[in-house]
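# Residue-level structural notes
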Amino acid sequence: MRIDKYLWCVRYYKTRNIATTACKKGHIKVNGAVVKPSRDVYPRDKIEVRKDQVNYSLKVNDLPPNRVGAKLVDLYRVDTTPKEAFAAQELLKYAKDYYRKKGTGRPTKKDRRDIDDYQDDQNVEPTEDN
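Residues numbered from 1 in each chain as written. Predicted model: local features only at pLDDT ≥ 70, side-chain atom pairs only at ≥ 80, totals over all residues. Heavy atoms only, no water.

The secondary structure content of the protein chain amounts to 4 helices and 5 strands. Ordering the α and β elements of the protein chain from the N terminus gives α-α-β-β-β-β-β-α-α. The buried share of the protein chain, taken over its 130 residues, is 25%. Sequence separation of at least 24 residues holds for 41% of the intrachain contacts in the protein chain that already meet a minimum separation of 6. Here the protein chain has roughly 10,000 Å² of accessible surface; of this, 50% comes from carbon and sulfur atoms. (Helix = DSSP H or I, 4+ residues; strand = E, 2+ residues; numbered from the N terminus. Buried < 20%, exposed > 50% of the residue type's maximum accessible area, 1.4 Å probe, protein only. Contact = heavy atoms within 4.5 Å. Areas by Shrake-Rupley, 256 points an atom, 1.4 Å probe, with all protein chains shown as cover.)

This paragraph deals with the side chain of Arg 77. Locating Arg 77 in the fold gives a position in strand 5 (residues 77-79). For Arg 77, a relative accessible area of 15% gives the class buried. Side-chain polar atoms of Arg 77 contact the side chain of Asp 74, separated by 3.1 Å. (Polar contact = N/O pair within 3.5 Å; in protein donor to acceptor, adjacent residues only side chain to side chain.)

This part takes up the pairing of strand 3 (residues 46-51). Sheet analysis places strand 1 (residues 28-30) next to strand 3, joined by 3 bridges and oriented antiparallel. Bridge pairing links Ile 28 to Val 49 in strand 3. The turn joining strand 3 and strand 4 (residues 54-60), which pair antiparallel and follow one another in sequence, is formed by 2 residues; a positive phi near 55 degrees is taken by Asp 52. (Pairing = 2+ DSSP bridges.)

Phi at Asn 31 takes a positive value of approximately 55 degrees, unusual for a residue other than glycine. With phi around 75 degrees, Arg 44 is a residue other than glycine that occupies positive phi space. Summarising the element assignment, Arg 44 is placed in the loop between strand 2 (33-34) and strand 3.

Before going further, it helps to examine the confidence of the model for the protein chain. Mean pLDDT over the protein chain stands at 85; residues scoring 70 or higher make up 87%. Per-element mean pLDDT across the protein chain ranges from 73 in helix 3 (residues 83-97) up to 94 in helix 2 (residues 16-24). (pLDDT = per-residue confidence, 0-100.)

Looking now at the pattern of salt bridges. By the definition in use, this model includes 6 salt bridges. Of the charged contacts, one joins Arg 2 and Asp 4 as a salt bridge, the two residues approaching to 3.1 Å between their closest N and O atoms. On the accessibility criterion, Asp 4 (1% relative accessible area) is buried. With its nearest N and O atoms 3.7 Å apart, the salt bridge here joins Arg 16 to Asp 4. Separated by 12 residues along the polypeptide, Arg 16 in helix 2 and Asp 4 in helix 1 (residues 3-9) bring together distant segments of the chain. The structure contains a network of salt bridges with shared partners spanning Arg 2, Asp 4 and Arg 16. (Salt bridge = Lys/Arg side-chain N within 4 Å of Asp/Glu carboxyl O.)

Encoded structure:
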């Protein structure tokens, strides 16, 4: 089975076209090598998928006949992704929480006060007491 079809079947990508694009961009590695979308995948292959700034690691157990339900995905792959990868994603989510998109207008009064407080904290020099 092709690698792009396999990743679509085990629900790592919503469409097969997105999986193909990820392969072409070099986000997919099989046994440590960057692969094309047409590369065949076999049981016991190790796949690395770079998606949403997380490196997923998985091992192929079996090849599904077609796209499987979410509850059946574990029959066809073993997820070996370390927990630290998801912790980094959690921090990234908090960093994006306060981000204002370009073109959303002037800063609000609260935004301005936060900016002023931040600048004041940067300008204050620590004092030494001897």
